[in-house]
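Spelled out from the first residue to the last, the chains are:
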Amino acid sequence: MTWEEWGDRLNIYFQHIEFLFSPNLIIIGGGVSKKHQKFLKYINLRADIVPAQLRNEAGIVGAAMAAIPR
């Protein structure tokens with residue numbers, strides 16, 4: 001699958017998410033966030049969409065933060 005095809009498929013998914021929840025911001029994490037410059041140009045949303053600052057580590061850091069007792 002080309003990056004354009006990936007972006008087009010992802011765009012359909014995010015448009016559905018946008019319809020359901022009306023987010024102002026969508027943050028993409030995981031391994032694919034390292035290559036965001038290759039497919040984000042094919043995403044057309046009202047919401048801003050950005051890669052997670054921690055890229056592939058975002059999920060594990062978030063889980064660790066959630067596990068900290070308050």
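Below is a short write-up of the structure. Note that the structure is a prediction, hence the values are computed from the model and not measured.

Rules behind the numbers
Residues numbered from 1 in each chain as written. Predicted model: local features only at pLDDT ≥ 70, side-chain atom pairs only at ≥ 80, totals over all residues. Heavy atoms only, no water. Patch = residues over 30% accessible without salt bridge, like charges linked within 9 Å, V, L, I, M, F, W, Y side chains within 5 Å. Areas by Shrake-Rupley, 256 points an atom, 1.4 Å probe, with all protein chains shown as cover. Salt bridge = Lys/Arg side-chain N within 4 Å of Asp/Glu carboxyl O. Lys, Arg positive; Asp, Glu negative; His and termini not counted. Charge placed at Lys NZ, Arg CZ, Asp CG, Glu CD. Buried < 20%, exposed > 50% of the residue type's maximum accessible area, 1.4 Å probe, protein only. Helix = DSSP H or I, 4+ residues; strand = E, 2+ residues; numbered from the N terminus.

## A look at a positive patch on the surface
A contiguous patch of positive charge, built from Lys34, Lys35, Lys38 and Lys41, is present on the exposed surface. We classify Lys41 as exposed; its relative accessible area is 60%.

## A short note on the environment of Arg55
As for its placement among the helices and strands, Arg55 is situated in the loop between strand 2 (48-51) and helix 3 (58-67). Residue Arg55 is classed as partly exposed on the basis of its relative accessible area of 28%.

## Looking at unusual backbone geometry
Of note in the backbone geometry, Ser22 takes a positive phi value of approximately 50° without being a glycine. Note on placement: Ser22 falls in the loop between helix 1 (3-21) and strand 1 (25-28). Even without a glycine there, the phi angle at Arg55 is positive, about 50°.

These results come straight from atomic positions and should not be treated as a statement about function.
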